[in-house]
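# Topology and contacts: notes
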Amino acid sequence: MSRGVPYASDGLFPRPRAVVAPGAVHVPGWLSEVRQRELVEACREWARGPVPLRHSVLPGGAVMSVRTVSLGWHWVPYRYVRTADDVNGARVAAFPPWLAELGRAAVADAYGDAEAGAAYAPDSALVNFYDGAARMGMHQDKDERSGAPVVSLSLGDTCLFRFGNTEDRGRPYTDVELASGDLFVFGGPSRYAFHGVTKVFEGTAGPASGMRAGRLNLTLRETGLGGTGSRGTRSGEWGGA
Ligand code: SIN
Ligand code: MN
């Protein structure tokens, strides 16, 4: 079969660790199957509340096709707030210490740098659920006041993840298949690179992932907002860097 058209790899070929751009590292199969199932179970719990999984609405009124639940801080396009006043007014679930520990291990392994791992202190996560039709347009993660790396963990169906440049949504970019258990870290010179999800390959998750259908992605972030903040940030105010 030709690779001219993107499709989900069939597992016949090894998927080596890849530095996609400086500071952007893909580590296939980083999560064990046991860990994947634990994370899927945790996501199911978070999806129930206190703020349930829901479609975010962009400032112009467009509804995002992914469904999202936040931890630590509630993300509403394009800022972090303490209470989900756009949903039910509740405070989102706490960001658990074990997830911060997983984030530290992720940074240490992706960069081969124990010190960078130890210094990582994520306080928020966005959990995104994609059904087969969901996509995410090219965007930058720039609502955080911290320039610390973003740690991305994928579960369930494989997707095509487009990782671009820091200038605009167009080329050059690299298309990467993110499968269940894969880790992707972007920081340093790639921290503000545009990225998005162009396709989900329905039915590609093995049963071992614990997902019956669809794809979950967790991104761990340092908001830089501190422990007591009640203000939101807007990308414009912080210049995105
Ligand atoms: C995101 O950019 O927030 C999510 C990326 C992904 O789903 O892999
Ligand atoms: Mn993003």
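Quantities reported herein were computed from a predicted structural model and do not represent experimental measurements.

### What about the overall build of the protein?
Each helix and strand counted, the protein has four helices and 14 strands in total. Expressed along its principal axes, the backbone C-alpha trace of the protein runs to roughly 50 × 35 × 35 Å. Going through the 241 residues of the protein one by one, you find that 51% of them count as buried. Long-range contacts, defined here as pairs at least 24 residues apart, represent 76% of the contacts in the protein between residues at least 6 apart. Looking at the protein as shown, the accessible area adds up to about 11000 Å², and 55% of this sits on carbon and sulfur atoms. When the 26 positive and 25 negative side-chain charges of the protein are each reduced to one mean point, those points stand 4 Å apart.

### What about the coordination of the manganese ion (ligand 2)?
Around a metal, the idealised angle for a tetrahedral arrangement of four donor atoms is 109.5 degrees; for an octahedral arrangement of six donor atoms it is 90 or 180 degrees. Ligation of the manganese ion (ligand 2) by protein atoms is provided by His 139 (NE2), Asp 141 (OD) and His 195 (NE2), these donors lying 2.2 Å from the ion. Donor residues for the manganese ion (ligand 2), ordered by position in the chain, follow H-x1-D-x53-H. In this pair, His 139 is assigned in strand β8 (residues 136–139) and His 195 in strand β13 (residues 195–200), connecting sequence segments 56 residues apart.

### Concerning the pattern of salt bridges
For the coordinates displayed, the defined rule picks out 10 salt bridges. The shortest N-O distance in the salt bridge between Asp 182 and Arg 15 comes to 2.8 Å. You can see Asp 182 sitting in the loop between β11 (174–178) and β12 (183–186) and its partner Arg 15 sitting in the segment before β1 (18–21), a full 167 residues away along the chain. On the basis of relative accessible area, Asp 182 is assigned to the buried category, the value being 0%. Looking at Arg 15, the relative accessible area reads 32%, which means it is partly exposed. Close ionic contact of Arg 221 with Glu 144 constitutes a salt bridge, the shortest N to O distance being 2.9 Å. Taken as a pair, Arg 221 in strand β14 (residues 215–221) and Glu 144 in the loop between β8 and β9 (150–156) lie far apart in primary sequence, 77 residues in all.

### Some words on the sheet that holds β11
Taking strand neighbours across the sheet as the criterion, the four strands line up as β8-β13-β10-β11 in an open arrangement whose pairing is antiparallel. Where the open sheet ends on each side, the last strands, each with one partner, are β8 and β11. Strand-to-strand twist of the sheet, defined as the mean angle between neighbouring strand axes without regard to direction, takes the value 25 degrees. Note: strand β10 (residues 159–163) against β13, five bridges, orientation antiparallel. Within β13, the residue paired with Cys 159 across the bridge is Val 200.

### Side note on the site of ligand 1
Around ligand 1, the surrounding shell consists of Asn 128, Tyr 130, Met 136, His 139, Phe 161, His 195, Val 197, Arg 215, Asn 217 and Arg 221. Within the side chain of His 195, an N or O atom sits 3.0 Å from an oxygen atom of ligand 1. One of the side-chain N or O atoms of Arg 215 is found 2.9 Å from an oxygen atom in ligand 1. Within the complex, the protein chains bury 97% of what would otherwise be the 260 Å² of accessible surface of ligand 1. At a threshold of 2 Å from the grid points, most atoms of ligand 1 map onto the largest pocket. Residue assignment for the shell around ligand 1 shows that the elements contributing at least two residues are β7 (124–130), β8, β13 and β14. For the shell around ligand 1, the element with the highest residue contribution is β14, accounting for three residues. A class-by-class count of the residues in the shell around ligand 1 yields four nonpolar, four polar and two charged.

How each quantity is defined
- Residues numbered from 1 in each chain as written.
- Chains lettered and ligands numbered in written order.
- Predicted model: local features only at pLDDT ≥ 70, side-chain atom pairs only at ≥ 80, totals over all residues.
- Heavy atoms only, no water.
- Helix = DSSP H or I, 4+ residues; strand = E, 2+ residues; numbered from the N terminus.
- Buried < 20%, exposed > 50% of the residue type's maximum accessible area, 1.4 Å probe, protein only.
- Contact = heavy atoms within 4.5 Å.
- Areas by Shrake-Rupley, 256 points an atom, 1.4 Å probe, with all protein chains shown as cover.
- Lys, Arg positive; Asp, Glu negative; His and termini not counted.
- Charge placed at Lys NZ, Arg CZ, Asp CG, Glu CD.
- Donors = N, O, S within 2.8 Å, 3.2 Å for Na, K, Ca; no water.
- Salt bridge = Lys/Arg side-chain N within 4 Å of Asp/Glu carboxyl O.
- Pairing = 2+ DSSP bridges.
- Axes fitted to C-alpha atoms, helices over the stretch in contact; angles between N-to-C directions.
- Near = heavy atom within 4 Å.
- Polar contact = N/O pair within 3.5 Å; in protein donor to acceptor, adjacent residues only side chain to side chain.
- 1 Å grid on protein atoms, 1.4 Å probe; cavity = no way out; pocket = protein on both sides within 12 Å on 5 of 7 lines; lining within 4 Å.
- Sits in = over half its atoms within 2 Å of the grid points.
- Nonpolar A, V, L, I, M, F, W, Y, C, P; charged D, E, K, R; others polar.

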